[in-house]
Amino acid sequence: MTESASQPVFRFAPSPNGYLHIGHAWSALYNQRLARESGGRFLLRIEDIDAGRCRREYDDAIREDLAWLGVTWEEPVRRQSEHFDDYARALRTLRDRGVAYPCFCSRAEVARAAAAVPDAPRDPDGAPLYPGTCRGLDRSEIERRLASGREPALRLDLAAALALIGRGLSWREFGEDAAGRVVAAEPGLWGDAVIGRRDTPASYHIAVVVDDALQGVTDVARGRDLFHATGLHRLLQELLGLPAPRYRHHALLLDEAGAKLSKSARSKSLRALRAEGAGAAEVRARLGFS
Ligand code: GLU
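These figures come from a predicted structure and were not determined experimentally. (Residues numbered from 1 in each chain as written. Predicted model: local features only at pLDDT ≥ 70, side-chain atom pairs only at ≥ 80, totals over all residues. Heavy atoms only, no water.)

A. A look at the pattern of salt bridges. Applying the stated rule across the entire model yields 29 salt bridges. R55 is paired through a salt bridge with E57; the nearest N and O atoms lie 3.0 Å apart. A relative accessible area of 39% places E57 in the partly exposed class. The salt bridge partner of R139 is E143, with a shortest N-O separation of 2.7 Å. Of this pair, R139 and E143 both sit in helix α5 (residues 139-147), four residues apart, roughly one helical turn. Under the relative-accessibility criterion, R139 is labelled partly exposed at 48%. (Salt bridge = Lys/Arg side-chain N within 4 Å of Asp/Glu carboxyl O. Buried < 20%, exposed > 50% of the residue type's maximum accessible area, 1.4 Å probe, protein only. Helix = DSSP H or I, 4+ residues; strand = E, 2+ residues; numbered from the N terminus.)

Shown next, in the form of C-alpha cells:
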C-alpha cells in the first residue's frame, strides 16, 4: 500500500549493525528539521535487511538513542524485514523485463577475474566491476546449475536496462541552494550490480528504492557517500515505474583525524557520549541544532 504523498515525507534510515555515532545523529536531526520546516512527515526506517549483520540489540539502541537526543518520528517504525515480499516482487519485475540475470560467481571468482585484467574498472565503492561471466548463460545451463543446488545472486543487466529506458536519467539535488540543480545519473559506474543477494532477499539498492516509493518518501536526505548510488537508484526507479524523490546528499562528519565516521571504525557512539555524561542539549548544540 502506498502512503499519502500530499505532504513532504522525509526519512532517517539507519542499519542496525552497530550503535549510532554523531554523524548519524546529525543526519537524523537534519531530516527532522527539514520535515518540520516544510510541514512534512518524518519516518524512521530500520534497514534490517542483512540478517547476518543486523542485531535486535542495535535496533533497540537506535530508537533509544534517537529518543534521548530529542528526535521524534512518526509511528510505526518502518522495517525492511517486513517487506521481503515487496522486494521479491520488484526483482521478479526486473527479470520479467529482461534486465536481470542469475549470477553463480562467488565474490572470490569475481575478484580473481578482475585481478587478471590490468586496471580493471571499479565501482564508486572500490569493488571491481563484474566482468559479465554469467550474463550469457542459456536457460538449460541455468537450470543445470540450479538443479545442482547452487544458489545464484541476481544482477542487473546494465546494457539491457539502459537500452530499455533509452534516455539519460537525472535527479534533482537540493543542497544549500534551495532551487535545486539537475544531476545526470551515472548508473553505468556500477556495471552489472548485484540487485538480489544470495544471503538476503534483496540488496540495499532494491530495498531502498522500493521502500522510498512504498512509504511515499518525497525527500531523501542522506550522506554524500551515497551520492553515486543515487544514479543506480534512478535507473531502478525508472525500470520499476517508481517516482523519483528529491535528494540532498549532505557532507559527512569527520573524526579528528579527518576520516569518515563509521560504525565499523568504532567512532564515538551516542551511547559512549552519554555514558561520559554529555547531555542531549549539549550534543545537539555541538552539532549545530539548538
Ligand atoms: N541504511 C543506510 C545506512 O545506514 C542508509 C541508506 C539511505 O539513507 O538511503 O548507511
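Once you've had a look at it, read on.
B. Quick look at the environment of L43. Relative to the helices and strands, L43 is located in strand β2 (residues 41-46). Of the residues examined, L43 reaches a relative accessible area of 1% and is grouped as buried. Other than its neighbours up to four places away in sequence, L43 contacts V9, F10, R11, F12, W73, E74, R78, Q215 and V217. (Contact = heavy atoms within 4.5 Å.)

C. Region of the structure containing the environment of L162. When you line up the elements, L162 lands in helix α6 (residues 158-165). C-alpha separation for the pair L162 and V99, spaced 63 residues apart in sequence, amounts to 9.0 Å.

D. Layout of unusual backbone geometry. Along the chain, E75 connects to P76 via a cis peptide bond; the corresponding omega equals 0°. You can see P76 is positioned in strand β3 (residues 74-79). Phi is positive for D119, close to 55°, though the residue is something other than glycine. Here D119 shows up in the loop between α4 (107-115) and α5.

E. Region of the structure containing helix α2 (residues 56-69). Taking 1.5 Å per residue, 14 residues should reach 20 Å; α2 reaches 20 Å between its end C-alpha atoms and fits that length. Of the positions making up α2, those classed as buried are Y58, D59, A61, I62, D65, L66 and L69. Each buried residue of α2 lies within a common arc of 165° when the element is viewed along its axis, so the set occupies one face. Tucked into the core, α2 has its buried residues touching β1 (9-12), α1 (22-37), β2, β3, α9 (270-275) and α10 (280-286). (Expected span 1.5 Å × (residues − 1). Arc of directions from axis to C-beta.)

F. Here's a closer look at the packing of helix α7 (residues 204-214) against helix α8 (residues 229-240). In the contact formed by α7 and α8, the axes pass within 10 Å of each other and the chain directions differ by 60°. Relative to α8, the element α7 is oriented oblique. Here α7 runs over α8; the crossing is right-handed. Seen from α7, the contacting residues are Y204, H205, I206, V208 and V209; seen from α8, they are A229, L232, H233, L236, Q237 and L240. Tallied by class, residues from the contact of α7 with α8 come to eight nonpolar, three polar and no charged. (Axes fitted to C-alpha atoms, helices over the stretch in contact; angles between N-to-C directions. Parallel < 35°, antiparallel > 145°, perpendicular 65-115°, else oblique. Left-handed = near helix turned anticlockwise from the far one by under 90°. Nonpolar A, V, L, I, M, F, W, Y, C, P; charged D, E, K, R; others polar.)

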